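So you can see what is in the structure, the chains are spelled out below.
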Number of protein chains: 2
Amino acid sequence: MAKEIERKFLVRSDAWRQHLCKSSKFLQGYIITDTDRSVRVRIKDMKCATLTLKIGHVGLSRDEFEYDIPLEDGLEMIDKATGSVISKTRYNVEYGGYLWEVDVFDGAHQGLVVAEVELDNPEDDPPLPPWVGREVTGDKRFSNQWLATCGAAAERRNGVSLKA
Amino acid sequence: MAKEIERKFLVRSDAWRQHLCKSSKFLQGYIITDTDRSVRVRIKDMKCATLTLKIGHVGLSRDEFEYDIPLEDGLEMIDKATGSVISKTRYNVEYGGYLWEVDVFDGAHQGLVVAEVELDNPEDDPPLPPWVGREVTGDKRFSNQWLATCGAAAERRNGVSLKA
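What counts and what doesn't
- Residues numbered from 1 in each chain as written.
- Chains lettered and ligands numbered in written order.
- Predicted model: local features only at pLDDT ≥ 70, side-chain atom pairs only at ≥ 80, totals over all residues.
- Heavy atoms only, no water.
- Helix = DSSP H or I, 4+ residues; strand = E, 2+ residues; numbered from the N terminus.
- Buried < 20%, exposed > 50% of the residue type's maximum accessible area, 1.4 Å probe, protein only.
- Contact = heavy atoms within 4.5 Å.
- Areas by Shrake-Rupley, 256 points an atom, 1.4 Å probe, with all protein chains shown as cover.
- Buried area = accessible area lost by both parts, 1.4 Å probe.
- Salt bridge = Lys/Arg side-chain N within 4 Å of Asp/Glu carboxyl O.
- Polar contact = N/O pair within 3.5 Å; in protein donor to acceptor, adjacent residues only side chain to side chain.
- Nonpolar A, V, L, I, M, F, W, Y, C, P; charged D, E, K, R; others polar.
- Core = buried A, V, L, I, M, F, W, Y, C linked by side-chain atoms within 4.5 Å.
- Phe/Tyr/Trp six-rings, centres within 6.5 Å; stacked < 30°, edge-to-face > 60°.
- Lys NZ or Arg CZ within 6 Å of the ring centre and 35° of its normal.
- pLDDT = per-residue confidence, 0-100.
- Least-squares fit on C-alpha atoms with pLDDT ≥ 70 in both.

**Here's the deal with the overall build of chain A**
Moving on, step 1. Scanning chain A for helices and strands turns up two helices and nine strands.
Moving on, step 2. Burial statistics for chain A: of 164 residues in total, 50% are counted as buried.
Moving on, step 3. Taking as baseline every contact in chain A between residues at least 6 positions apart, the subset at least 24 positions apart corresponds to 60%.
Moving on, step 4. Put simply, chain A shows about 7800 Å² of open surface, and 47% of that area lies on carbon and sulfur atoms.

**Quick look at the interface of chain A and chain B**
Moving on, step 1. In this assembly, 22 residues from chain A lie in contact with 22 residues from chain B.
Moving on, step 2. Taken over both partners, the interface formed by chain A and chain B buries close to 1900 Å², and the fraction arising from carbon and sulfur atoms is 70%.
Moving on, step 3. Note that Asp63(B) is salt-bridged to Lys80(A), the shortest N-O span being 2.8 Å.
Moving on, step 4. Put simply, chain A and chain B have eight residue pairs in polar contact (both at pLDDT 80 or more) between them.
Moving on, step 5. For the side of chain A that touches chain B, the per-class residue count stands at 13 nonpolar, three polar and six charged.

**Side note on the nonpolar core**
As a rule of thumb, soluble globular proteins bury nonpolar side chains together.
Moving on, step 1. Core analysis: the largest hydrophobic core is formed by 28 residues, its most contacted members being Val39(A), Met77(A), Val39(B) and Met77(B).
Moving on, step 2. In this structure Met77(B) touches Leu53(A), Phe65(A), Tyr67(A), Ile31(B), Val41(B), Leu51(B) and Ile69(B), once residues within four positions along its chain are discounted.

**Let's talk about the environment of Asp63(A)**
Moving on, step 1. Mapping Asp63(A) onto the fold places it in strand β5 (residues 61-69).
Moving on, step 2. Look at Asp63(A) and you get buried, because its relative accessible area is 6%.
Moving on, step 3. For Asp63(A) and Leu53(A), which are 10 residues apart along the polypeptide, the C-alpha to C-alpha distance reads 8.1 Å.
Moving on, step 4. At 2.9 Å, the side chain of Asp63(A) and the side chain of Lys80(B) are in polar contact.

**Side note on the packing of aromatic side chains**
Residue and element names in this part refer to chain B.
Moving on, step 1. Within the structure shown, the criterion is met by eight aromatic pairs over all chains.
Moving on, step 2. With a centroid separation of 5.6 Å and an interplanar angle of 45 degrees, the aromatic rings of Phe 9 and Trp 100 are classed as tilted. One end of the pair, Phe 9, is in strand β1 (residues 2-11); the other, Trp 100, is in strand β7 (residues 98-106), and 91 residues separate them in sequence. Accessibility assignment for this pair places Phe 9 and Trp 100 in one class, buried.
Moving on, step 3. With 5.9 Å between their ring centres and 75 degrees between their planes, Trp 100 and Trp 131 make a pair best called edge-to-face. Placement of Trp 100 in strand β7 and of Trp 131 in the loop between β8 (113-118) and β9 (132-135) is noted, with a sequence separation of 31 residues between them. There is no split in this pair, since Trp 100 and Trp 131 are both buried.
Moving on, step 4. Between the NZ or CZ atom of Arg 17 and the centre of the ring of Tyr 91, over which it lies, the distance is 5.2 Å.

**Observations regarding the environment of Asp34(A)**
All names here are of chain A.
Moving on, step 1. Structurally, the position occupied by Asp 34 is in strand β2 (residues 20-34).
Moving on, step 2. Given a relative accessible area of 37%, Asp 34 falls into the partly exposed group.
Moving on, step 3. Separated by 23 residues in sequence, Asp 34 and His 57 have C-alpha atoms that sit 10.0 Å apart.

**Describing the confidence of the model for chain A**
Moving on, step 1. Looking at chain A as a whole, the pLDDT averages 86, with 87% of positions reaching at least 70.
Moving on, step 2. Reported confidence for the predicted complex is 0.75 by ipTM and 0.78 by pTM.

**Side note on the relation of the copies chain A and chain B**
Moving on, step 1. Under the fitted operation, chain A is carried onto chain B by 0.0 Å of movement along the axis and a turn of 180 degrees, and the coordinates agree to an RMSD of 0.0 Å. The transformation relating the two chain copies, once decomposed into turn and shift, fits a two-fold axis. Identified as the residue of chain A closest to the rotation axis by C-alpha distance is Ile32(A), at 3.7 Å.
Moving on, step 2. The fraction of interface residues of chain A whose copies in chain B are also interface residues reaches 100%, indicating that both copies meet through the same surface.

**Section: the pattern of salt bridges**
Residues and elements named next belong to chain A.
Moving on, step 1. Per the stated rule, a full pass over the model turns up 25 salt bridges over all chains.
Moving on, step 2. Put simply, Asp 125 and Arg 7 hold a salt bridge, and the shortest N to O gap is 4.0 Å. Of this pair, Asp 125 sits in the loop between β8 (113-118) and β9 (132-135) while Arg 7 sits in strand β1 (residues 2-11), and the two are 118 residues apart along the sequence.
Moving on, step 3. Residue classification places Asp 125 among the exposed positions, given a relative accessible area of 62%.
Moving on, step 4. By sharing partners, the salt bridges in this structure join Lys 88, Arg 90, Glu 101 and Asp 103 into a single network.

What follows is the structure, encoded as structure tokens:
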């Protein structure tokens, strides 16, 4: 079991592309969700699958259990996911000694670009790259779970801006 | 991914004990449940842990994905289970060429004894041992999920009999 500590920002320019190291294509779906917990399946580059349980409220720190599972199982679970399946490309970007992950969404969430930095402890204060915009750490509307299960619909209904 | 096909009965006498092969002690809890799916953690003999996702309505056949996980993870999940943790001893009993599992519950469900036989296909017609009583296949009130998340409370409220 790991603790997940991260900060999340919207991205306002493409300048991060000059720093990027590598990228992967993710498909992910939620098998089952509740207010404070979720079970997610993720397919990476159509080659491997992981199952992730998160327990605790969306925010700076949650309990996370993650296991590799057979790709075939993962694909069957994606078929049975609730809500919409998230499709995105994740770019790894090093900035100021920290590894940032920039997620460029397509499909139902095309146009949304989010940057996350993982912290060893909550007091870490990473330098912010010039290409990040508004911080959305702890804002459940930008969690993948929310995007998958109610994101697109709620954006239309409430006029919530996904822009930086 | 496996299909689970089984019939379930209440047990009306202790006569099955003369046939028993081996037994294991199970602790199990539900991490998250919804109407047609659940995620369960099971600790066997305090030695190993498995995580099981079931998708589909409770009944004769459901999709089931099962993975071994570290015992330490399993025990942490049991701590975070929703509802009550189920504690039972499972006895393997061979009868008429079929393997029956007799679950003797303790803790919150003391007094409940349930026998299940797993079938290779829904047309299988195993001979019924004389010690089984009322069939409860597909009755969600006798699913472990229901027993863990609302069983004890509902039994008190509705006077539902758990007896054979």
